[in-house]
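Working through the structure, step by step
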Amino acid sequence: MSIKQYPIFLASSYELQPEREKFEIFIGRQNKRLVKKNVQFHLEIWEDMGAELNNGRKQDDYNKILNDAEIVVVLFWTKMGKYTQEEFELAYGRFKETGRPIIYVYEKTQEENSTPKEWEIKSKMEFLDRLLTLGKEQFHSTFQHKSDLLYHFQQTLFDLFDKGTLQVGEPIKTLSRNAPHSPSFVIGREEMLAEISNKLSGKGKVVLISAEGGMGKTTLAAKYWHENKYTYGHGVYLFCERGILNSMMDDRLGLELQGMDEDQKIRQIQRKLNSLGDEVLLFLDNANDAEDIRKFLREFSGFNGNILITSRCREVLVDLENEILIKHLHPTDAKELFTKNYREEGPEFETLLEKFLNAIDFHTLLIEVFSKNLKKASARGIDLKGFLERFEEKGIHLERIANTRVKTDYAFFVNSEAASPNAILEVLYDFSNLSEADRYCLVNLALLPVNGYSQQFLLDIFEPEDNTGFYETLDNLYQKGWIGGDYDALRLSPVVQKLVLHRNQETLWEDGKIWVKKLTGLIQYEENKDNYHTKFQWIPFGRQLVKAFSETDSNDLSLLWNNLGILFREIGDRKNLEEAKQNLEKALDSDIRNFGEESPSVATSRSNLAMVYKDLGGEANLLDAKAYLEKALASLVRNFGEDYPLVARCCSNLAMVYQDLGGDANLMEAREHLEKALASDIRNFGEDSPSAAIRRSNLAAVLRDLGGDANLLEAGAHLEKALSSFVRNAGEDSPSVATSRSNLAMIYKDLGGEPNLLEAKEHLEKALSSLIRNFGEDFRSAARCHSNLALVLRDLGGEANLLEAREHLEKALASDIRNFGEDSPSVATRRSNLALVYQALGGEANLLVAKPHLEKALSSDIRNFGEENPITLTGKFNLGGLMVYLGKKDDLEEAIKLLEQALKGYINNFGEEYYLVPITIEWKKYAEKRIKEIEGK
């Protein structure tokens, strides 16, 4: 593909030579990143004009080149030179005729180094007047520093590409929930930015930016992201305070990960990222654990995209050449950063500023925060000298002590001890004299996870009484330097966040309790709504509050812990269940302290905690769950009677624990509790209530486990009523309706006979159609529905039904592999069912297709459950039976080994009377008989 060339013409007078040089470097960097997109800019500046153009007046030749320009940039400061104005007029004339070139005029507004001459002032004013009178003011922008000019022009280029004015392709698609903020300027880091670009110029590259807090790691990496928004096809930005892999799983990158364990989630994310090819950028921000970084790099060793990490750690990567250490700013750059926000005239200012910058060791964040605060303080008549005097009154002196080694790179000393950046910022916080509104807002911002937030988002979550006042407060904090980012993505740095929380410990609860209550409501479980997945986005916010209020005890916090625990349980997998357990244990302890053992809140907390133990599984956890629920139930009945609504819920939860414990005695106990719960809900809420429908569904599941036609018919009746209720209350397309149809269908399947199987088929087809229509083919419930429908079709029999069953199972298998990975138990189940369909189709070819499916399923079951688990034993039985059908001597010998292992496991687990024991013995005998017949021949 040919390279698309866009000529840019830069016109300016000699006094702006430094800006022209920086502009040329900037265009070179843009070209380096855009070459992959087959786009290049060709910059024409005065220095590019060779002697061969001197046949006539050089400016005339320059104007000929201007005619071909796509973009014209005009810079001026103290004057408008004759030739620069001529270039502008020529460009504008072409623009009026053809709509090209695109013209941008930038006026430098920084104070002049010397007094301009009269003719210079006149030329400048005439040009500004001309812009206004000729309607060209839309071209005009201003800048103070070189960095402002480059930032503005870069945003302009992005806008031209986004609108399609310049053609390059699609900008980066952000897979994560958030993207990094776009830094308005980066001073003194141009070489490092170029170094990052060089190191990430290939495929599968990893670069780590290392520095202490507040040095601008995130800003530099964010600058790279936005400068390369047309280089990469997809991007992921993660704030990795909790670890890289944890942050990936929390974000989910748009994937459906609910119900997976940690390994399955990681594999699913890997597959997603690898499927996108090599034009992917992972920006892992604030990854401050060296071993966590190494673990991530091992897990993603086959990733072909590029990875950019910011960290306080050093010497983490195998290739240390790819680690970039950010040092403190060069004195000249430090001065430019400071004077961008605040400056005075006169030699005393220069001397004091040099002393100040030297004392703070040219630390980026400190320079920015100090300069922005001084800009605000100057409105009250405070200059740099007064600022420093008042600062030293707080006990921090600007004296550099020669040949003294300190733990940090900073040279502030308090009683001869080195002051940390946080100590400096704490003094600065005292000095800033924030209003109460500023302080209150700042504390609540610190209670959010570190990220960029729009003003509208903050307005929505905090719901201030005075919207205008709230916007003014945000603007005030932004101007003072407490908030970074930009107005579309305001961001509190981790350093400032920790400082704010530390300095406001005494009032933290009073300041934050309204937000705690708001978030508690946002994640509240709504029993009769299928909307829980919409609440997962609030998990990082909940974690931040749990962390901030770890030493606080309040009824409102107990509700937050409770709701957050339920949310973690809903997501599932062991890691989230452990986090659910921690939150619910805190809620229970708090409720006991605040309300006493007999409170309904305590009973609810016990019940919620019990259900987490139930999901964790294993006999010990189930017995703990049973003990918690029995204690909760006894308290509720004692205090409120059998018909109290919470009693019904507790009975239902206890029944599910009994069901998981298994065995006829426990199943009968479960049935009794559910019948009580159902009767209570009908009395309290009516036959058609959603809670009654849920109890009926749970009771049907227990009746199905008990087995027998009578129980199955009763289960079907309950599910029919539950289905009708769900349809009336939630609508035909609700997931609860689809689940209810699927459960009812399996009852019809178990009852057997063609009419029941056809009824089951109809329910499953409706459920499947609804799930795919609303959630797509890869929704995990859709895969389960495909599988259940296949089992019904298999039981109906006949080649047509078996072929349709095969199709459904292949879809279910493909979906589960995408969602859960090859080693998932659900994938093993799909493989087993698919193999049995192939086996039912008959013929050696189908049997040979079935065999690897059963082998893979068995291998997965052994890894997931162990050799003696009943699921594994069934896998051995199925594979053994298939090998008997294959019929060769080697197959039969392998079949005998598998059947012997299955037989031994059945007897050990269930005893001699187990129904599969005699069947397994018969298969084994038949295999032995066939071997003798083969040997006899």
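- Within an unreviewed UniProt entry, the label attached to the protein reads NB-ARC domain-containing protein, and the organism entered is Lunatimonas lonarensis.

1. A word on the pairing of strand β8 (residues 234-239)
- Of all six residues that make up β8, six are buried, and the element is covered over most of its length.
- Strand direction decides the pairing type here: strand β6 (residues 173-174) and β8, joined by two bridges, are parallel. Along β8, the bridge assignment pairs K173 with H234.
- Where β8 and strand β9 (residues 280-285) come together, six bridges link them in parallel fashion. Paired with Y237 across the two strands is F283, which belongs to β9.

2. Concerning the sheet that holds β8
- Read across the open sheet, the six strands follow the order β6-β8-β9-β10-β7-β11; overall the sheet is parallel. Looking at which strands have only one partner, the edges of the open sheet turn out to be β6 and β11 (323-325).
- Here helix α8 (residues 244-251) sits on the sheet in contact with β8 and β9, set at roughly 115° to β8.

3. Description of the packing of helix α1 (residues 17-34) against helix α5 (residues 146-163)
- Running from N to C, α1 and α5 cross one another at 35°; their axes reach a closest spacing of 10 Å. Of the two possible hands of crossing, α1 and α5 adopt the one that is right-handed. Residues P18, E19, K22, F23, F26, I27, Q30, R33 and L34 of α1 pack against K146, L149, L150, F153, Q154, L157, F158 and F161 of α5.

4. Notes on helix α34 (residues 825-841)
- Counted at 1.5 Å a residue, the expected span for α34 with its 17 residues is 24 Å, and the 25 Å between its end C-alpha atoms agrees.
- Where α34 terminates, the next one or two residues include G842, which has phi positive at roughly 80°.

5. Thoughts on the packing of aromatic side chains
- In the structure shown here, the tally under the stated rule is 30 aromatic pairs.
- Put simply, the rings of Y453, F457, F462, F470, W515, W538 and F541 pair up and form one aromatic cluster.
- Lying across the ring of W77, K108 places its NZ or CZ 4.1 Å from the centre.
- A cation over an aromatic ring shows up here: K229 above the ring of F158, its NZ or CZ 4.7 Å from the ring centre.

6. Some words on the pattern of salt bridges
- Tallying each qualifying case throughout the model produces 55 salt bridges.
- Of the charged contacts in the structure, one is a salt bridge between K79 and E15, with a shortest N-O distance of 3.7 Å. Taken together, the residues span a long stretch of sequence, with K79 in the loop between β3 (71-76) and α3 (82-98) and E15 in the loop between β1 (4-11) and α1 at a distance of 64 residues.
- Owing to a relative accessible area of 16%, K79 belongs among the buried residues under this scheme.
- Overall, E15 belongs to the partly exposed group, its relative accessible area being 22%.
- When the shortest N-O distance is used, the salt bridge between E120 and K79 registers 3.8 Å. In this pair, E120 sits in helix α4 (residues 118-133) while K79 sits in the loop between β3 and α3, placing the two residues 41 residues apart along the sequence. The two residues E120 and K79 agree in class, both being buried.
- Among the charged side chains, a salt-bridge network with shared partners connects R242, D250, R543 and E579.

7. Comments concerning the UniProt feature "coiled-coil region" (unreviewed entry) in the protein
- Per the UniProt record, "coiled-coil region" (unreviewed entry) is found at residues 882-909.
- Regarding residues 882-909, the helix share stands at 93% and the strand share at 0%, and the terminal C-alpha atoms are separated by 23 Å.

8. Considerations on the packing of α8 against helix α10 (residues 290-299)
- Where α8 meets α10, the axes come as close as 8 Å, and the angle between the chain directions of the two elements is 65°. Contacts between α8 and α10 involve I244, L245 and M248 on the former and, on the latter, D292, I293, K295, F296 and E299.
- Split into classes, the residues belonging to the contact of α8 with α10 amount to five nonpolar, no polar and three charged.

9. So, a negative patch on the surface
- Taken together, the side chains of E465, D466, E472 and D475 define an acidic patch exposed on the protein surface.
- Tracing the backbone shows D466 in the loop between α17 (455-462) and α18 (467-480).
- We classify D466 as partly exposed; its relative accessible area is 47%.

Rules used throughout
Residues numbered from 1 in each chain as written. Predicted model: local features only at pLDDT ≥ 70, side-chain atom pairs only at ≥ 80, totals over all residues. Heavy atoms only, no water. Buried < 20%, exposed > 50% of the residue type's maximum accessible area, 1.4 Å probe, protein only. Helix = DSSP H or I, 4+ residues; strand = E, 2+ residues; numbered from the N terminus. Pairing = 2+ DSSP bridges. Contact = heavy atoms within 4.5 Å. Axes fitted to C-alpha atoms, helices over the stretch in contact; angles between N-to-C directions. Left-handed = near helix turned anticlockwise from the far one by under 90°. Expected span 1.5 Å × (residues − 1). Phe/Tyr/Trp six-rings, centres within 6.5 Å; stacked < 30°, edge-to-face > 60°. Lys NZ or Arg CZ within 6 Å of the ring centre and 35° of its normal. Salt bridge = Lys/Arg side-chain N within 4 Å of Asp/Glu carboxyl O. UniProt positions renumbered as here; feature names shortened; annotations may be inferred. Nonpolar A, V, L, I, M, F, W, Y, C, P; charged D, E, K, R; others polar. Patch = residues over 30% accessible without salt bridge, like charges linked within 9 Å, V, L, I, M, F, W, Y side chains within 5 Å. Areas by Shrake-Rupley, 256 points an atom, 1.4 Å probe, with all protein chains shown as cover. Lys, Arg positive; Asp, Glu negative; His and termini not counted. Charge placed at Lys NZ, Arg CZ, Asp CG, Glu CD.

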